[in-house]
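The residues making up each chain are set out below.
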Amino acid sequence: MKLRLVIVFLEGLLCTTLGNPLQVLFKKDDTSEAHVGADSEQKDDVFSIISKTNEGSLQPLENGDIAVRSGRSALNCPSNNCFWPKSSDGIVKVPYIISPDYTADEKDGITTAMREFAALTCVQFVERRAEADYLQIKSVDGCWSFMGKSGGVQDVSLLKGGCLSKGTIQHELNHALGFHHEQSRSDRDNYVNIIYQYIPQDVKYNFNKEITNNLGLEYDYTSVMHYGRFAFTNTSGQATIVPKPDSSVVIGQRYGLSNLDISKINKLYQCGICSTLLSGTTGSFSSANYPSVYSPNSKCVWLIRLPANKVLLQFDAFDVQSSPGCASDYIRVYDGDSQKSPVLLDRACGTGLPPPLIASSNLLLVQFISDGAIAGSGFKASYSSVPCGTSLTANTGTFSSPNYPSDYPPNLDCSYIMTAPTGYKVSLKVTDFLLQWERNCPYDTISLYDGPDTSSRLLGTYCGIMIVAPVVSTQNSLLLLFHSDRSTQARGFQATYSFVQ
């Protein structure tokens with residue numbers, strides 16, 4: 001299809017809207033966007049990656065990746081000397097050192113995998129100072145770890161080039177905390193069948209059951225500690241582990257800790273943490289007791305971790321006790337997997353809906369804090385996966401279509417949500433614009449909405465090389481929605497915005 005261009009002058013954009021009693025404090029960070037989301041997915045589950053990498057390892061291993069001594073789903077440890085101790089502040093600190101052989105990016109990948117433990121449990125991996133017991137993380141000859149705290153220097157091998165995905169790192173760290181593979185639980189025969197006819201004789205011991213402490217929690221087919229369906233098979237396409245009663249249930253995964261993995265850590269180490277991991281491509285969550293009054297003295301977190309793309313978070317209902325500066329009860333949203341990540345929404349309270357938010361990656365952390373007073377009904381929120389877009393909360397900024405000034409990709413829907421502090425408006429100017437042209441703009445477009453979402457008033461839809469007149473919102477938010485179809489692509493757009501009183 002040829003790219004046809006036309007110039008159309010657009011003028012006279014005018015609309016009105018109502019105010020909103022939501023109180024929001026935004027962190028002032030510069031923000032820009034010019035790329036599409038996450039990398040492509042791997043094909044193998046965590047244990048398939050581990051078992052391939054460990055072929056030929058000289059380290060004596062049991063159950064595929066456990067060094068020296070075997071363990072259990074959670075170690076039976078009456079004296080607790082095989083678990084990491086809890087400090088007086090309630091934190092379980094696990095000291096570690098990382099070999100200098102890793103690059104800066106590889107070290108960052110390891111510490112990033114550690115942060116999910118700190119965000120959702122009372123376990124924190126901390127750099128060693130002078131502790132006698134600690135993990136020594138290095139690239140030896142595969143992916144393996146000892147079970148629990150063995151005392152002194154304790155090696156964890158994460159081979160460069162084979163063991164540095166988030167799921168693999170968390171798998172080995174979970175061994176070091178005292179957790180065995182899920183299908184080794186004492187009650188596993190209630191949940192899976194082991195098909196021994198496809199398992200070579202010399203590796204059948206890897207499927208032994210253990211005398212386990214199952215912590216009173218259910219079996220977890222999606223645990224990062226579960227073997228994959230074809231673990232150790234000697235016949236291509238023939239499973240060695242089959243779930244029951246439904247053989248189609250997915251087992252094993254590659255992304256990282258599951259929500260039940262988190263629950264088991266919190267129960268084993270008696271953390272008392274209010275935390276939830278949300279790992280589906282879409283989902284919803286709410287404050288405790290919603291829509292009834294939420295509990296006082298709450299401190300809860302929800303970590304959203306998508307398989308790919310970016311997180312779009314939308315609040316469907318919001319009633320959180322209002323206070324000056326939202327000092328009492330509030331929601332805070334972090335652009336990442338920890339409370340050290342950049343803040344997307346600094347604090348929000350009141351009764352108006354916070355704006356939709358788009359993370360810069362597949363990770364987003366939501367924190368809810370309440371004091372001792374009886375307050376409102378709380379909140380309900382939903383999330384989904386989007387390939388591109390961003391939330392813009394700095395005073396000024398510039399953003400553009402993916403790949404700009406090169407041609408944008410096909411089949412995209414990108415949301416750019418500009419949200420100013422209460423009492424301000426958003427001023428937007430499109431400084432460069434070139435999209436596929438067709439009369440009435442049925443294909444590639446940008447659409448401007450006088451508000452945070454597509455239920456707000458539509459200001460205009462543009463394509464080709466239309467002149468997009470400067471816009472000032474009538475409230476404190478503005479949405480630019482970019483759409484491309486599967487055919488012709490072009491340079492796209494670039495825009496600047498600022499907040500004005």
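Being a predicted model, the structure only gives us computed values, none of them experimental.

Another point: the confidence of the model for the protein chain. Taken as a whole, the protein chain shows an average pLDDT of 87; of its residues, 89% reach a score of 70 or greater. For residues 1–20, every residue scores under 50 in pLDDT, and the model assigns this stretch 40 contacts once sequence neighbours within four places are set aside.

Strand order in the open sheet formed by five strands is E20-E22-E27-E24-E25, with mixed pairing between adjacent strands. Of all strands in the sheet, those bounded by a partner on one side alone are strand E20 (389–392) and strand E25 (457–462). Adjacent strand axes in the sheet meet at a mean angle of 15 degrees, parallel and antiparallel pairs treated alike.

Another point: helix H2 (residues 104–120). Between its first and last C-alpha atoms H2 spans 25 Å; for 17 residues at 1.5 Å apiece the expected length is 24 Å, and the two agree. Looking at H2, one finds that the buried residues are Glu-106, Ile-110, Thr-112, Ala-113, Met-114, Glu-116, Phe-117, Ala-119 and Leu-120.

What follows deals with the side chain of Ser-382. With respect to the helices and strands, the residue Ser-382 is situated in strand E19 (residues 378–386). At a separation of 3.3 Å, a polar atom in the side chain of Ser-382 contacts the side chain of Asp-316. Once residues lying within four places of it in the same chain are set aside, the contact partners of Ser-382 are Gly-283, Ser-284, Leu-312, Leu-313, Gln-314 and Asp-316.

A few words now on the nonpolar core. Counting residues in each nonpolar core, the largest one holds 57 residues, and the members touching the most others are Phe-125, Leu-135, Ile-137, Leu-177 and Tyr-269. Tallying contributions element by element places H2 first for this core, with six residues. Beyond its immediate stretch of four places on either side in the chain, Tyr-269 contacts Phe-83, Trp-84, Lys-86, Val-92, Cys-122, Val-123 and Leu-177. Membership of the second largest hydrophobic core comes to 34 residues, among which are Ala-394, Cys-414, Met-418 and Phe-433.

Note on backbone geometry: most residues besides glycine have negative phi, and most peptide bonds are trans. For the peptide bond that leads from Lys-244 to Pro-245, omega is 5 degrees, which places it in the cis range. Topologically, Pro-245 is positioned in the loop between strand E10 (241–243) and helix H4 (259–268). Following Tyr-404, the chain continues to Pro-405 via a peptide bond in cis, the omega torsion being 10 degrees. Secondary-structure assignment places Pro-405 in the loop between strand E21 (396–400) and strand E22 (412–419). Backbone geometry places Cys-326, a non-glycine residue, at a positive phi of 50 degrees. Residue Cys-326 is classed as buried on the basis of its relative accessible area, which comes to 1%. Positive phi, normally seen in glycine, also occurs at Asn-403, with a value near 75 degrees. On the secondary structure map, Asn-403 appears in the loop between E21 and E22. Among the residues examined, Asn-403 registers a relative accessible area of 35% and is labelled partly exposed.

Most of strand E24 (residues 445–450) sits out of view: six of its six residues are buried. Alternating residues of E24 divide into Thr-445, Ser-447 and Tyr-449 and Ile-446, Leu-448 and Asp-450, and every residue in both groups is buried. Judged from the five bridges that link them, E24 and strand E27 (residues 477–484) form a sheet pairing that is antiparallel. Residue Leu-448 lies in a different strand from E27, and its bridge partner there is Leu-480. Here five bridges tie E24 to E25, and the two strands are oriented antiparallel to one another. Bridge pairing links Ile-446 to Tyr-462 in E25. The antiparallel hairpin formed by E24 and E25 contains six residues in its connecting segment.

Calculation criteria
Residues numbered from 1 in each chain as written. Predicted model: local features only at pLDDT ≥ 70, side-chain atom pairs only at ≥ 80, totals over all residues. Heavy atoms only, no water. pLDDT = per-residue confidence, 0-100. Contact = heavy atoms within 4.5 Å. Pairing = 2+ DSSP bridges. Helix = DSSP H or I, 4+ residues; strand = E, 2+ residues; numbered from the N terminus. Axes fitted to C-alpha atoms, helices over the stretch in contact; angles between N-to-C directions. Expected span 1.5 Å × (residues − 1). Buried < 20%, exposed > 50% of the residue type's maximum accessible area, 1.4 Å probe, protein only. Polar contact = N/O pair within 3.5 Å; in protein donor to acceptor, adjacent residues only side chain to side chain. Core = buried A, V, L, I, M, F, W, Y, C linked by side-chain atoms within 4.5 Å.

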